[in-house]
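Descriptive analysis of the structure
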Amino acid sequence: MVAHNRRARHDYEILDKYEAGLVLTGTEVKSLREGQASLTDGFAAFDNSHELWLEQVHIPEYLNGTWTNHSARRKRKLLLHSKELIKISRQIESPTDHRPLSLYFKDGRAKAEIGIARGKREFDKRQTLREKQDARDAHREMRYRNRTAA
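A brief look at the structure comes next. (Residues numbered from 1 in each chain as written. Predicted model: local features only at pLDDT ≥ 70, side-chain atom pairs only at ≥ 80, totals over all residues. Heavy atoms only, no water.)

Considering the nonpolar core
Formed by 22 residues in total, the largest nonpolar core has its most connected members in L22, L52, L78, L80 and L103. Every element with two or more residues in this core is listed here: strand 2 (12-22), strand 4 (52-55), helix 3 (82-91) and strand 7 (109-119). Looking at this core element by element, the count peaks at 4 residues for strand 7. With sequence-adjacent residues up to four places away left out, L22 is seen in contact with L54, R76, K77, L78, L103, A110, K111 and A112. (Core = buried A, V, L, I, M, F, W, Y, C linked by side-chain atoms within 4.5 Å. Buried < 20%, exposed > 50% of the residue type's maximum accessible area, 1.4 Å probe, protein only. Helix = DSSP H or I, 4+ residues; strand = E, 2+ residues; numbered from the N terminus. Contact = heavy atoms within 4.5 Å.)

Laid out in structure tokens, this is it:
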């Protein structure tokens, strides 16, 4: 796991997830292998030729790079099957957003997990936090009771 977008899971309800390959340059791969990336402002969008692009993801310049270094916030093409692209483009018609959830390497190739997301309202965010806290408290109480019963 190179980068994880916890903010997206807090601010958005994730409806569907897709794994997409990334078209990267050499210095971007080296920078990712060092574990440097930020997904907080990132989003995915279609262009006029019906290709999906990852935008506003910050991959910093490689420190040992020369004049071949990349720009930190350039658009990066996402590689998906055409059936997946059609399915995603149909989901755009509803009020949804495309957010990167994580960047990672799988079998030596850079992958991005893209989530189809719908924005949460403030009370939804509070309700999610309350449910997590209740589950944590219940788990803690069960663990305590199991220790004393044995």
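Past the structure itself, the notes keep going.
Topic: the packing of aromatic side chains
Scanning the model with the defined rule gives 0 aromatic pairs in all. Above the plane of the ring of F105 lies R33, whose end atom (NZ or CZ) is 4.0 Å from the centre. Across the ring face of W53, the terminal group of K75 is positioned such that the distance to the ring centre comes to 5.1 Å. (Phe/Tyr/Trp six-rings, centres within 6.5 Å; stacked < 30°, edge-to-face > 60°. Lys NZ or Arg CZ within 6 Å of the ring centre and 35° of its normal.)

Observations regarding the pairing of strand 4
In strand 4, alternate side chains face the same way, and those of L52 and L54 on one face and W53 and E55 on the other are all buried. Relative to strand 4, strand 3 (residues 43-46) is paired through 4 bridges, and the arrangement is antiparallel. Bridge pairing in strand 4 links A45 to W53. Relative to strand 5 (residues 76-79), strand 4 runs antiparallel, the two sharing 2 bridges. (Pairing = 2+ DSSP bridges.)

Digging into the pattern of salt bridges
Per the stated rule, a full pass over the model turns up 12 salt bridges. Between R118 and E13 there is a salt bridge whose closest N-O contact spans 3.5 Å. Linking R118 in strand 7 with E13 in strand 2, this pair joins segments that are 105 residues apart in sequence. Notably, a salt bridge pairs D41 with R73, separated by 3.7 Å at the nearest N-O pair. Taken together, the positions of D41 in the loop between helix 2 (26-33) and strand 3 and R73 in the loop between strand 4 and strand 5 put the pair 32 residues apart, joining distant regions of the chain. Since its relative accessible area comes to 44%, D41 is described here as partly exposed. For R73, a relative accessible area of 37% puts it in the partly exposed group. Bridged by salt links that share partners, the residues R7, D11 and K125 form one connected network. (Salt bridge = Lys/Arg side-chain N within 4 Å of Asp/Glu carboxyl O.)

Overview of unusual backbone geometry
Note on backbone geometry: most residues besides glycine have negative phi, and most peptide bonds are trans. For H50, which is not a glycine, the phi torsion comes out positive at approximately 60°. Residue position: H50 is located in the loop between strand 3 and strand 4. Its relative accessible area of 61% is what places H50 among the exposed residues. You will see that D107, though not glycine, has its phi angle at about 55°, which is positive. Tracing the chain through its elements places D107 in the loop between strand 6 (97-106) and strand 7. Look at D107 and you get exposed, because its relative accessible area is 75%.

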